[in-house]
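Structural overview for review
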Amino acid sequence: MKRRVGLSAEILVTLFFLLGAALILGGLLVLRLVESSLIDERVRHLNNVSSYVAKIIQVSEDDDSPQMKIDYRIMRTLNRDDDCEGIWLLDNNLQLVESLGGAERLEVDALQARRVILNKASSQKVVYSSILDYGGETDSWAEWYVPIVHRQQTIGVMVFHYSLDRIRSQLIFNVRLVMAYAALYVIVLIIAGYLILKRNVIEPVKKLMTVSNDITNGNLDVNVSEEGPAEIYQLAQSFNIMIMALQQANSDADHYIKSLKLANSHLEDTRNDLVRSEKLATIGQLSAGLAHEVGNPLAAIIGYLALLESQVSSPETRDIVIRSQKEAERINFLVKELLDFARPATSSKQVVNPVDVLEGTVELLSHQGIFKKIQLLKDLRSSSVVFIDPQKLQQVFINLFLNAVYACKNSGSIKMNSVCRDSLISIDIEDDGCGISDANIKHLFDPFFTTKADGRGLGLAVSQRIIEDANGRIDVRSQVGHGTVFSIRLPLYHEKNADGLCN
């Protein structure tokens, strides 16, 4: 895997190479121009000095031929100020007359010396290799051939040999100084550039990375500071627009998920209704079969037992017959309940006040002693009406009261209250009994489900069917050890041209 370096490292390396190369190349170019200027200026100066020295050569005319002689003071001056390493004085035949500061013999360029004598003009030879030319010569020197003219005749040649090493050494020192300056300048520029880039580029990019990691982790409640240069500002602005788009998309997704959950809940309710319908259809078929197969023989048995009772004189036998009649009547009652649960509801609905039906049911059960040890608490203040069969509504109330008394173990309290809200009347019957577990509450309205030892499991199923047939709903909420609340919600009855009232 290729290893990535940080943005700051790449910027530092790039700045180092670019600025270093630019400064070094610029410095070397300037040194090259300065070097050329210094050599040219040095050559002009030495040319003037050589011409002047040649002109002041001492010439004696004691003999027929003039004699040339060098002034030593001039030599000392040249050696001190102009790096002159030697002066050679030659006659017309290129024979050495005198030498100062150099070798006794000089390898004279005869052709060049003859040309100087004939032309009466000085000539120069410069050997210098640039400090940038690492493959060139390291020796640097210059030679001048200057004619000695006496009475308009050339009587000799004077050769000057100068060293240019001092210029070369100075330039090499300057090169090193330029390199050190360039390195220092590069370091300063890199530090300054890095600080500027860190503030304007690196820090905003790190903030973008932090926000990006937060978004990856699911946190969309973030925002990028829109600061810095134009490009960084535009990038941060685009990033914030992207965050807002993600927030909107997330909100739309949440809304869509909620709608899916609602649709799924509706589908679940529909599925439960279908399952309940299938159960009811099965019970209906079973009830029809029982009514056909059991009804007629059971009626005959009950008739035979009644006839037998009238003809039996033995008390023991009569007791057995009476017990048999009771059990047969019990079977007959169960068959009728199954038939009532299975057959379609007959249309005997009317406009009634459910609170009046509830109070009538309480009065009926009180006379039978069901509420003997039960405390009844009422908060019934509604005078609204509903459209339902009053006998079946009373059957629902009876089933709920019987369950509440059973849950209270014949000792406790039952609260009743009614409230009218949003075109619905809600009647709650609450007990403080043992409560219902979550496992049982899911099957509470299933036919034949019961927790009673002698129960048949049809009371709540029949009650639910009666309420739903009136376009209402029955709900239950319970907590084990704290009691149970059954809530009946029925739509209010509205006249054709009048609204129902809630008091």
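In what follows, the structure referred to is the one given above.
First, a word on scope: everything that follows refers to the structure included in this document. Computed from a predicted structure; not experimentally measured.

Some thoughts on the sheet that holds strand S13 (residues 473–479)
Strand order in this open sheet of five strands is S9-S11-S12-S14-S13, and the pairing throughout is mixed. Across the chains shown, the open sheet's two edge strands, defined by having one partner strand only, are strand S9 (374–379) and S13. Put simply, the sheet's adjacent strands are angled 15 degrees from each other on average, direction ignored. Inspection of the sheet shows strand S11 (residues 412–421) paired to strand S12 (residues 424–431) by eight bridges, in the antiparallel sense. Following the sheet pairing, Ile414 is matched in S12 by Asp431. Taken strand by strand, helix H7 (residues 354–367) contacts S9, S11 and S12, and its axis lies near 25 degrees from that of S12.

Things to note about the packing of aromatic side chains
One pass over the structure, following the stated rule, counts four aromatic pairs. Measuring from centroid to centroid gives 5.4 Å for Phe371 and Phe401, while their planes differ by 80 degrees, and the two rings are edge-to-face. With a gap of 30 residues between them, Phe371 in the loop between H7 and S9 and Phe401 in helix H8 (residues 390–407) connect regions that are remote in the sequence. The same class applies to Phe371 as to Phe401, namely buried. Taken together, a centroid distance of 5.9 Å and an interplanar angle of 25 degrees make the contact between Phe387 and Tyr493 stacked. On the criterion of sequence distance, the pair formed by Phe387 in strand S10 (residues 386–388) and Tyr493 in the segment after strand S14 (483–491) is long-range, its members being 106 residues apart. A residue is classified by how much of its surface remains accessible, and Phe387, at 41% relative accessible area, is partly exposed.

What about the sheet that holds strand S5 (residues 123–127)?
Taken together, five strands build an open sheet; the order of strands is S4-S3-S7-S6-S5 and the sheet is antiparallel. Since the sheet does not close on itself, it has two edges, and those belong to strand S4 (96–100) and S5, each with one partner. Between one strand axis and the next, the sheet turns through 15 degrees on average, direction left out of account. In terms of strand pairing, strand S3 (residues 84–91) meets strand S7 (residues 153–163) through seven bridges, oriented antiparallel. Within the sheet, the bridge partner assigned to Asp91 lies in S7 and is Gly156. Where helix H3 (residues 110–119) meets the sheet, its contacts fall on S3, S5, strand S6 (141–150) and S7, and the angle it forms with S6 comes to roughly 35 degrees.

Some points on the pairing of S14
Successive residues of a regular strand alternate their side chains across the two faces of the sheet. Of all nine residues that make up S14, seven are buried, and the element is covered over most of its length. Summarising the sheet, S12 and S14 pair through eight bridges and their orientation is antiparallel. In the sheet register, Ser426 faces S14, and the bridge partner there is Arg489. As judged from the seven bridges shared by S13 and S14, these two strands associate in the antiparallel manner.

Notes on the environment of Phe371
For Phe371, a relative accessible area of 8% corresponds to the buried category. Along the chain, Phe371 and Val405 lie 34 residues apart, while their C-alpha atoms are 7.6 Å from each other. Ignoring anything within four residues of it in the chain, the contact list for Phe371 reads Val362, Leu365, Ser366, Leu376, Phe401, Val405 and Ile414.

With respect to the nonpolar core
In terms of nonpolar packing, the biggest core is built from 40 residues, with Phe397, Phe401 and Leu490 touching the most fellow members. Of all the secondary-structure elements, those providing two or more residues to this core are H7, S10, H8, S11, S12, helix H10 (459–469), S13 and S14. Of all the elements, H8 adds the most residues to this core, at seven residues. Once you skip the residues sitting within four places of it in the chain, Phe401 turns out to touch Leu358, Thr361, Val362, Leu365, Phe371, Ile414, Met416 and Ile429. With 20 residues, the next largest nonpolar core counts Val43, Ala54, Ile148 and Met158 among its residues.

Details of a nonpolar patch on the surface
Taken together, the side chains of Val13, Phe16 and Phe17 make up a nonpolar region of the molecular surface, amounting to roughly 320 Å² of accessible area. For Phe17, a relative accessible area of 55% puts it in the exposed group.

Remarks on the packing of H7 against H8
Orientation of H7 relative to H8, taken along the N-to-C sense of each, is 55 degrees, at an axis distance of 9 Å. Between H7 and H8, the interaxial angle falls into the category oblique. In this structure, the crossing between H7 and H8 has a hand that is right-handed. Between H7 and H8, the residues in contact are Pro354, Val357, Leu358, Gly360, Thr361, Val362, Leu364 and Leu365 and Pro390, Leu393, Gln394, Phe397, Ile398 and Phe401, respectively. Split into classes, the residues belonging to the contact of H7 with H8 amount to 11 nonpolar, three polar and no charged.

Looking at the pattern of salt bridges
Counted according to the given criterion, the structure contains five salt bridges. Salt-bridge contacts for Arg473 lead to Asp475; the nearest nitrogen and oxygen are separated by 2.9 Å. Note on Arg473: relative accessible area 54%, which makes it exposed. A salt bridge links Arg489 to Asp475; its shortest N-O distance comes to 3.0 Å. Residue Arg489 is found in strand S14, and its partner Asp475 is found in strand S13; the two are separated by 14 residues along the sequence. What makes Arg489 partly exposed here is its relative accessible area of 31%.

Conventions adopted
- Residues numbered from 1 in each chain as written.
- Predicted model: local features only at pLDDT ≥ 70, side-chain atom pairs only at ≥ 80, totals over all residues.
- Heavy atoms only, no water.
- Pairing = 2+ DSSP bridges.
- Helix = DSSP H or I, 4+ residues; strand = E, 2+ residues; numbered from the N terminus.
- Axes fitted to C-alpha atoms, helices over the stretch in contact; angles between N-to-C directions.
- Contact = heavy atoms within 4.5 Å.
- Phe/Tyr/Trp six-rings, centres within 6.5 Å; stacked < 30°, edge-to-face > 60°.
- Buried < 20%, exposed > 50% of the residue type's maximum accessible area, 1.4 Å probe, protein only.
- Core = buried A, V, L, I, M, F, W, Y, C linked by side-chain atoms within 4.5 Å.
- Patch = residues over 30% accessible without salt bridge, like charges linked within 9 Å, V, L, I, M, F, W, Y side chains within 5 Å.
- Areas by Shrake-Rupley, 256 points an atom, 1.4 Å probe, with all protein chains shown as cover.
- Salt bridge = Lys/Arg side-chain N within 4 Å of Asp/Glu carboxyl O.
- Parallel < 35°, antiparallel > 145°, perpendicular 65-115°, else oblique.
- Left-handed = near helix turned anticlockwise from the far one by under 90°.
- Nonpolar A, V, L, I, M, F, W, Y, C, P; charged D, E, K, R; others polar.

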